[in-house]
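The chain contents come next:
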Amino acid sequence: MSMKKESPWDVELHLAAAKGHAKRLQMLLDSGRVHVDCKDKDGTTPLILAAAGGHIDAVIELLQQGADPNSKRLTGTTPLFFAAQGGYADITIILLKNGANVDSCSIDGGTPLFVSCQYGHLDVVEELIANGACVNAHMKDGATALFIAAQNGHAKIMELLIAYGAKIEAARTDGATPLWIAAQMGHDHVVRRLLKAGAYVDSKRHDGATPLFKAAHKGHTAVVGELLKYRPNLGILPNGESALHATALMGHMSVTRQLVGAGADPLLTNQEGLTPLQSAIRHGQHQVASYLKEKLRSRQTITMTEIC
């Protein structure tokens, strides 16, 4: 039977799968008028639709009728990919028991493990790892499952991945590490766990920005607090700026206080020859500018006292 063009029976089968009507699927397939793996223009099969919808009875019926558990859409995504994405642990188990490839990847390199990490489905992640999912596989941009978990703030999943050998410093192609992305996103609980697990506090993206620089730029006070416990670089970075320049530019008062309190120098000059104070003034961050001026006055007073 040709599966190159959709027939009315194909459409019926797809609708039944999408709605989870197992009995309708059985009747249509028993009629012999439609192929169990008939595809639409995107390469979607009934099993993919049933798995994506979380319809366990429909999934079981299709598999019993001989559906291919490794059928792929044009994007390379499989029934297991969609079950993992939806957080359907029971369907994930059924598909794996019926021969689904645990590490089958989409055209961008994403596997079922990646999407379950992205959406925070811990039970699915556990099943995939138990069935041999590669924790250090990476997408075309270099992002690993650990990177995805850190990016989305899923600390428990991240800890599970590390326990099974995920590489903490595995970086995306732009140099960003799990710690870097967690800092940028403001996930202080993830940052804390990564640092405790041994993540390098001064990991750099290729442009020279560190986790502290990004957290300061974004105004993530709690993240900055966690990073400062590990003595990060407070000086001028390879990007020509310091974390204090970043926060002064954006006017984040709380972070400015944190950095100065940790020893950041208000007199450092960036690649444009500007100090954090000058940068704050130039960009109209008056509160930060006033604070830095006061700190410099206090420093000068202390210095004069010492001289006297």
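Residues numbered from 1 in each chain as written. Predicted model: local features only at pLDDT ≥ 70, side-chain atom pairs only at ≥ 80, totals over all residues. Heavy atoms only, no water.

- Naming follows an unreviewed UniProt entry, where the protein chain appears as Ankyrin repeat domain-containing protein 29 of Trichogramma kaykai.

**Digging into the overall build of the protein chain**
At step 1: Helix and strand counts for the protein chain come out as 18 helices and 0 strands.
At step 2: Relative to the compact-globule value of 19 Å for 308 residues, the protein chain shows a C-alpha radius of gyration of 27 Å, a clear excess of over 25%.
At step 3: Principal-axis analysis of the C-alpha atoms places the extent of the protein chain at approximately 100 × 35 × 25 Å.
At step 4: Counting across all 308 residues of the protein chain, residues that qualify as buried make up 49%.
At step 5: Put simply, the protein chain shows about 14,300 Å² of open surface, and 51% of that area lies on carbon and sulfur atoms.
At step 6: Separation between the mean location of the 30 positive side-chain charges and that of the 29 negative ones in the protein chain comes to 5 Å. (Helix = DSSP H or I, 4+ residues; strand = E, 2+ residues; numbered from the N terminus. Rg over C-alpha atoms; globule rule 2.2 N^0.38 Å. Buried < 20%, exposed > 50% of the residue type's maximum accessible area, 1.4 Å probe, protein only. Areas by Shrake-Rupley, 256 points an atom, 1.4 Å probe, with all protein chains shown as cover. Lys, Arg positive; Asp, Glu negative; His and termini not counted. Charge placed at Lys NZ, Arg CZ, Asp CG, Glu CD.)

**Examining the packing of helix H13 (residues 211–218) against helix H14 (residues 221–228)**
When two helices pack together, their arrangement is given by the angle between the helix axes and by the axis-to-axis distance.
At step 1: Taken N-terminus to C-terminus, the directions of H13 and H14 make an angle of 155 degrees; their axes are 8 Å apart at the nearest point. Between H13 and H14, the angle falls in the class roughly antiparallel. Crossing of H13 over H14 shows left-handed handedness. Contacts between H13 and H14 involve Pro211, Leu212, Ala215 and Ala216 from the former and Val223, Val224, Leu227 and Leu228 from the latter. (Axes fitted to C-alpha atoms, helices over the stretch in contact; angles between N-to-C directions. Parallel < 35°, antiparallel > 145°, perpendicular 65-115°, else oblique. Left-handed = near helix turned anticlockwise from the far one by under 90°. Contact = heavy atoms within 4.5 Å.)

**Quick word on the nonpolar core**
At step 1: Ranked by size, the top nonpolar core spans 94 residues in total, and within it Leu95, Leu113, Leu161, Leu227 and Leu259 carry the most contacts.
At step 2: With 6 residues, helix H9 (residues 145–151) is the largest single contributor of residues to this core.
At step 3: Aside from chain neighbours lying at most four places away, what touches Leu259 is Leu212, Ala216, Val224, Leu228, Leu234, Ala243, Leu244, Thr247 and Ala264. (Core = buried A, V, L, I, M, F, W, Y, C linked by side-chain atoms within 4.5 Å.)

**As for the UniProt feature "repeat: ANK" (unreviewed entry) in the protein chain**
At step 1: The UniProt entry lists residues 42–74, 75–107, 108–140, 141–173, 174–206, 207–239 and 239–271 under the feature "repeat: ANK" (unreviewed entry), expressed in the numbering used here.
At step 2: The straight-line gap between the two end C-alpha atoms of residues 42–74 is 6 Å; of that span, 52% is helix and 0% is strand.
At step 3: Along residues 239–271 one finds 52% helix and 0% strand; the C-alpha atoms at either end are 8 Å apart. (UniProt positions renumbered as here; feature names shortened; annotations may be inferred.)

**Things to note about the side chain of Glu226**
At step 1: In this fold, Glu226 is placed in helix H14.
At step 2: Taking relative accessible area as the criterion, Glu226 reaches 10% and is therefore assigned buried.
At step 3: Discounting residues that sit within four places of it in the chain, Glu226 has contacts with Asp188, Val191, Arg192 and Leu195.

**A look at the confidence of the model for the protein chain**
At step 1: Per-residue confidence for the protein chain gives a mean pLDDT of 93, with 95% of residues at or over 70.
At step 2: Overall, residues 302–308 carries pLDDT values under 50, and its contacts beyond four positions in sequence, including any with other chains, amount to 0 contacts. (pLDDT = per-residue confidence, 0-100.)

**Digging into the side chain of Thr256**
At step 1: By secondary structure assignment, the location of Thr256 is in helix H16 (residues 253–261).
At step 2: Once you skip the residues sitting within four places of it in the chain, Thr256 turns out to touch Leu244, Thr247, Ala248, Val288, Tyr291 and Leu292.

**Quick notes on H16**
At step 1: For H16, the set of buried residues is Met253, Val255, Thr256, Leu259 and Val260. Seen from one end, H16 has its buried residues packed into an arc of 160 degrees, which puts them on one side.
At step 2: Positive backbone phi, at 110 degrees, marks Gly263, one or two positions downstream of H16. (Arc of directions from axis to C-beta.)

**Looking at the pattern of salt bridges**
At step 1: Inspection of the entire model under this criterion finds 11 salt bridges.
At step 2: Between Asp174 and Arg172 there is a salt bridge, with the nearest N and O atoms lying 2.7 Å from each other.
At step 3: Taking the relative accessible area as the measure of exposure, Arg172 reaches 19% and is therefore buried.
At step 4: Note that Arg192 and Glu226 form a salt bridge whose closest N and O atoms lie 3.1 Å from each other. A residue pair is termed long-range when its members are at least 10 positions apart, and Arg192 in helix H12 (residues 188–196) and Glu226 in helix H14 qualify at 34 residues.
At step 5: We classify Arg192 as partly exposed; its relative accessible area is 34%. (Salt bridge = Lys/Arg side-chain N within 4 Å of Asp/Glu carboxyl O.)

**Describing the environment of Ala171**
At step 1: As for its position among the elements, Ala171 is in the loop between helix H10 (155–163) and helix H11 (178–185).
At step 2: Apart from the residues within four sequence positions on either side, Ala171 is in contact with Gly142, Ala176 and Thr177.

**With respect to the environment of Ala145**
At step 1: When you line up the elements, Ala145 lands in helix H9.
At step 2: Taking the C-alpha atoms as reference points, Ala145 and Pro211, 66 residues apart in sequence, are found 19 Å from one another.
At step 3: Not counting residues within four places of it along the chain, the set of residues in contact with Ala145 comprises Leu113, Phe114, Cys117, Val135, Ala137 and Leu161.

**A look at helix H3 (residues 46–53)**
At step 1: Within H3, burial applies to Pro46, Leu47, Ile48, Ala50 and Ala51.
At step 2: Of the residues one or two after H3, Gly54 is the one with positive phi, at around 75 degrees.

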